[in-house]
Amino acid sequence: MSRNKLLLVLLGTSLLTGCAADYLNNYDTITLAAGDSQKANQLLQTVDPYNPASNNTKIEGNGARSVGVVQKYKLPPSTAAPATNMTVNVGPSGTSTQ
């Protein structure tokens, strides 16, 4: 009699766990292949989903300034050192190197 009870308990638990497997997944969609309809519906109900300035295709710029910057980088820098009237002393004061 105990063997029959054991088989009956095992059969009952296997049937219950088989039914609970899908229930415990807790998906937000109806099926696994439902897609992104929830996200699409949220975007449809959003008041302003995009930045209003994103439709502006006329980007303003200063052409003369842009040309000057490009020419500045194309031309090599001048090799003449600027004339200054500065004296630079390097080293501690009061010592001579003679």
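Before any of the text, the structure's been laid out above.
Here we summarise the structure given alongside this text. By convention here, each chain's residues receive numbers from 1 onward along its written sequence. Given that the model is predicted, a residue must reach a pLDDT of at least 70 before its local features are reported, and side-chain atom pairs must reach 80 or more before they are shown or counted; all residues, however, enter totals for whole chains, interfaces and linings. Water and hydrogen atoms play no part in the side-chain values, which are based on all heavy atoms of the structure.

### Overview of the overall build of the protein
Okay, step 1: Labels follow the DSSP assignment, with helices taken as runs of H or I lasting at least four residues and strands as runs of E lasting at least two, numbered in each case from the N terminus. The number of helices and strands found in the protein is 3 helices and 0 strands.
Okay, step 2: When the helices and strands of the protein are placed in sequence order, the string is α-α-α.
Okay, step 3: The buried label applies to any residue whose accessible area, calculated with a 1.4 Å probe on protein chains only, is under 20% of its type's maximum; exposed applies above 50%, and partly exposed to all values in between. Burial status across the protein gives 0% buried among its 98 residues.
Okay, step 4: Methods summary: accessible areas were calculated by the Shrake-Rupley approach with a probe of 1.4 Å, and residue burial reflects only the protein chains presented. Here the protein has roughly 10500 Å² of accessible surface; of this, 58% comes from carbon and sulfur atoms.

### Focus: a nonpolar patch on the surface
Okay, step 1: On the surface, Leu6, Leu7 and Leu10 cluster together into a nonpolar patch covering about 310 Å² of accessible area.
Okay, step 2: Mapped onto the elements of the fold, Leu6 is located in helix α1 (residues 2-23). Within the patch definition used here, like charges are joined within 9 Å and nonpolar side chains (Val, Leu, Ile, Met, Phe, Trp, Tyr) within 5 Å, considering only residues with over 30% relative accessible area and no salt bridge. What counts as a salt bridge is simple: a side-chain nitrogen of Lys or Arg found within 4 Å of a carboxyl oxygen of Asp or Glu.

### Remarks on helix α3 (residues 63-74)
Okay, step 1: Here, expected helix span is obtained from the residue count minus one, scaled by 1.5 Å. With 12 residues, α3 should cover 16 Å at 1.5 Å per step; its first-to-last C-alpha distance of 17 Å lies within 8% of that length.
Okay, step 2: Side-chain atoms alone can form a polar contact between residues adjacent in sequence; in general such a contact is a pair of N or O atoms within 3.5 Å, and within protein one must be able to donate a hydrogen while the other accepts it. Two or three places before Ala64, at the start of α3, stands the capping residue Asn62, its side-chain oxygen 3.4 Å from that residue's backbone nitrogen.

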